[in-house]
Amino acid sequence: MAYILEDREKQISTAGINERTIDCNKASLAGSVSQRACVFCGSRVVLYPIVDALHLIHGPIGCAAYTWDIRGSLSSGPELHRLSFSTDLQERDVIFGGENKLYDSLTELIDKHQPKAAFVYTTCIVGVIGDDVERICRQVEKEKNIPVIPVQAPGFQGSKKDGYKVACESIFKLVGTKNKLTPAKSINILGDFNLAGELWILLEYYKKMGVHVNATITGDGRVDDICNAHNAALNVVQCSGSMSYLAKLMQDEYGIPSMRVSYFGIEDMSDALYDVARFFKDDDMMEKARQLVKDEFARLMPQLAWYKERLLGKKAAIYVGGAFKAISLVKALRLIGVQTVIVGSQTGTTEDYELIKRLCDEGTIIVDDSNPVELSHFVKEKKADIFIGGVKERPIAHKIGLGFCDHNHERKEPLAGYEGMINFAKEIYATAMSPVWQFTRTK
Ligand code: SF4
């Protein structure tokens, strides 16, 4: 397999055939053209959905191209997060420093938009020229009397995963700074970013169960709720790659336990609800969860059976950011008759990959931190019918002439929860069965 770089071989395994413990959680190999994004991007995707905060990117305008339109996190109120602000550093600023420009931009934007807090992202060039962003933030915080938080995220410092950590540290600066009366049976939702309104579906489920949601971090997030997040009884963490660290910080400082869940696929969605009811040891809550699941199953199963009948025998390739989502996707695809033949992630852990190995059929390729060359070859070798991934995998699929399902930031249809499962089945069906692929598929 000439297309696999020698030093990457230990990051690839084949279920039941050439199984090995995947060598993951490490820096991308130079020259491998990793699908991972930069530190700044990682911090931005996590913090961006805080809708009543100002997000100012201190750097050249190119970094600011990563805007709301790339990640469609919806808001039920303020929409300040949709505006992308940049200090637009130029050659002159790089030579003489950009601190004055940062101070002017920050104060002007705060005066104009009256945000509840401001996040100031440092980018590669700021990491190189060494502007004292912390000092400017401290100064403006004092003058404007709102939290102004430096997000130290020069892109070259690591990968997207390091950006998640920086974002968690930034959020943690807000936690515990305000107190509101909070019901005893309350949770914080960590790691749902309200893409296409997914969070609102989950809120409805928890409401039906009698669970109070204290803070949503960060989908449709509010600064005041995050400040009060330390008063919740439990942190429920989805997208654990991005938010486990915040849950750990809150456990260490405030003793709040956490649990890892997934809202994708009906099996994992149901487990998420049951696990919360189990945590509170509340029979009434458990009964309500059971009823909710029963009703949803009765509604969904006939529809899913229709898709399964038609999709049986189709093969899917999955390459997503977090491995926990990949696990849910394998189960969800199986439910509609689709076999997963490739499954990979950018940031999976050994534990995640072991679980994937046990879950997948013999011959499934499991890969960590892959690249376009590998993915293209795997997809052709396994004769996948559909590719499920994010914005960077879309061109890979289309170049090969393969149907693509966006399961990342840009999606416009909710794919979480029970409603999401139906949308997912519809999308897989519409894409995999489209007659267009017979004309585009390359050999
Ligand atoms: S790698 Fe550096 S220059 Fe590129 S987007 Fe990230 S922070 Fe900006």
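Located above this text is the structure these notes cover.
Described below are features of the structure shown in this document.

Conventions and cut-offs
Residues numbered from 1 in each chain as written. Predicted model: local features only at pLDDT ≥ 70, side-chain atom pairs only at ≥ 80, totals over all residues. Heavy atoms only, no water. Helix = DSSP H or I, 4+ residues; strand = E, 2+ residues; numbered from the N terminus. Rg over C-alpha atoms; globule rule 2.2 N^0.38 Å. Buried < 20%, exposed > 50% of the residue type's maximum accessible area, 1.4 Å probe, protein only. Contact = heavy atoms within 4.5 Å. Areas by Shrake-Rupley, 256 points an atom, 1.4 Å probe, with all protein chains shown as cover. Lys, Arg positive; Asp, Glu negative; His and termini not counted. Charge placed at Lys NZ, Arg CZ, Asp CG, Glu CD. Near = heavy atom within 4 Å. Nonpolar A, V, L, I, M, F, W, Y, C, P; charged D, E, K, R; others polar. Pairing = 2+ DSSP bridges. Phe/Tyr/Trp six-rings, centres within 6.5 Å; stacked < 30°, edge-to-face > 60°. Salt bridge = Lys/Arg side-chain N within 4 Å of Asp/Glu carboxyl O. Polar contact = N/O pair within 3.5 Å; in protein donor to acceptor, adjacent residues only side chain to side chain. 1 Å grid on protein atoms, 1.4 Å probe; cavity = no way out; pocket = protein on both sides within 12 Å on 5 of 7 lines; lining within 4 Å. Points joined across faces, edges and corners; volume = space filled by probe spheres on them.

Scanning the protein chain from terminus to terminus reveals 17 helices and 14 strands. In terms of overall size, the protein chain behaves like a compact globule, its C-alpha atoms giving a radius of gyration of 22 Å where 443 residues would be expected to give roughly 22 Å. Its C-alpha atoms put the protein chain at 65 × 55 × 40 Å along the principal axes. When each of the 443 residues of the protein chain is scored for burial, the buried share is 57%. The contacts of the protein chain with a sequence gap of at least 6 include a subset with a gap of at least 24, amounting to 74%. Carbon and sulfur atoms form 53% of the exposed surface of the protein chain, whose accessible area is close to 18500 Å². Distance from the positive charge centre (54 side chains) to the negative charge centre (57 side chains) of the protein chain: 3 Å.

So, on to the site of the ligand. Around the ligand, the surrounding shell consists of Cys38, Phe40, Cys63, Thr123, Cys124 and Gly155. Here the shell around the ligand is composed, by residue class, of four nonpolar, two polar and no charged.

This paragraph deals with the pairing of strand β4 (residues 117–122). Taking burial as the measure, the six residues of β4 include six buried ones, the bulk of the element. Alternating residues of β4 divide into Ala117, Phe119 and Tyr121 and Ala118, Val120 and Thr122, and every residue in both groups is buried. In the sheet, strand β2 (residues 53–58) pairs with β4 via six bridges, with the strands oriented parallel. Within the sheet, the bridge partner assigned to Leu56 lies in β4 and is Val120. Summarising the sheet, β4 and strand β5 (residues 148–152) pair through five bridges and their orientation is parallel. In the strand pairing of β5, Phe119 is matched with Ile149.

As a further point, take the packing of aromatic side chains. One pass over the full model with this rule turns up nine aromatic pairs. Judged by centre distance (5.1 Å) and plane angle (85°), the rings of Trp306 and Tyr307 are edge-to-face. Judged by relative accessible area, Trp306 falls into the partly exposed class, the value being 37%. Cluster of aromatic residues (ring-pair linked, three or more members): Trp306, Tyr307 and Tyr429.

Most of helix α1 (residues 39–47) is tucked away, with nine of its nine residues classed as buried. Of the residues making up α1, those classed as buried are Val39, Phe40, Cys41, Gly42, Ser43, Arg44, Val45, Val46 and Leu47.

A word on the side chain of Lys325. Relative to the assigned elements, Lys325 resides in helix α12 (residues 323–335). One buried charged side chain, Lys325, makes no salt bridge at all; its nearest oppositely charged neighbour is Asp406, positioned 7.2 Å away. At 2.5 Å, the side chain of Lys325 forms a polar contact with the backbone oxygen of His407. For Lys325, the residues in contact, after removing those within four places along its chain, are Phe264, Val320, His407, Asn408 and Arg411.

Let us look at empty space enclosed by the protein. Taken as a whole and assessed by the stated rule, the structure comprises one cavity of 30 Å³ or more. Its volume calculated, the largest cavity comes out at about 30 Å³. Lining the largest cavity we find Phe264, Gly265, Ser328, Leu329, Ala332, His407, Leu415, Gly420, Met421 and Phe424. For the lining of the largest cavity, the residue count by class is six nonpolar, four polar and no charged.

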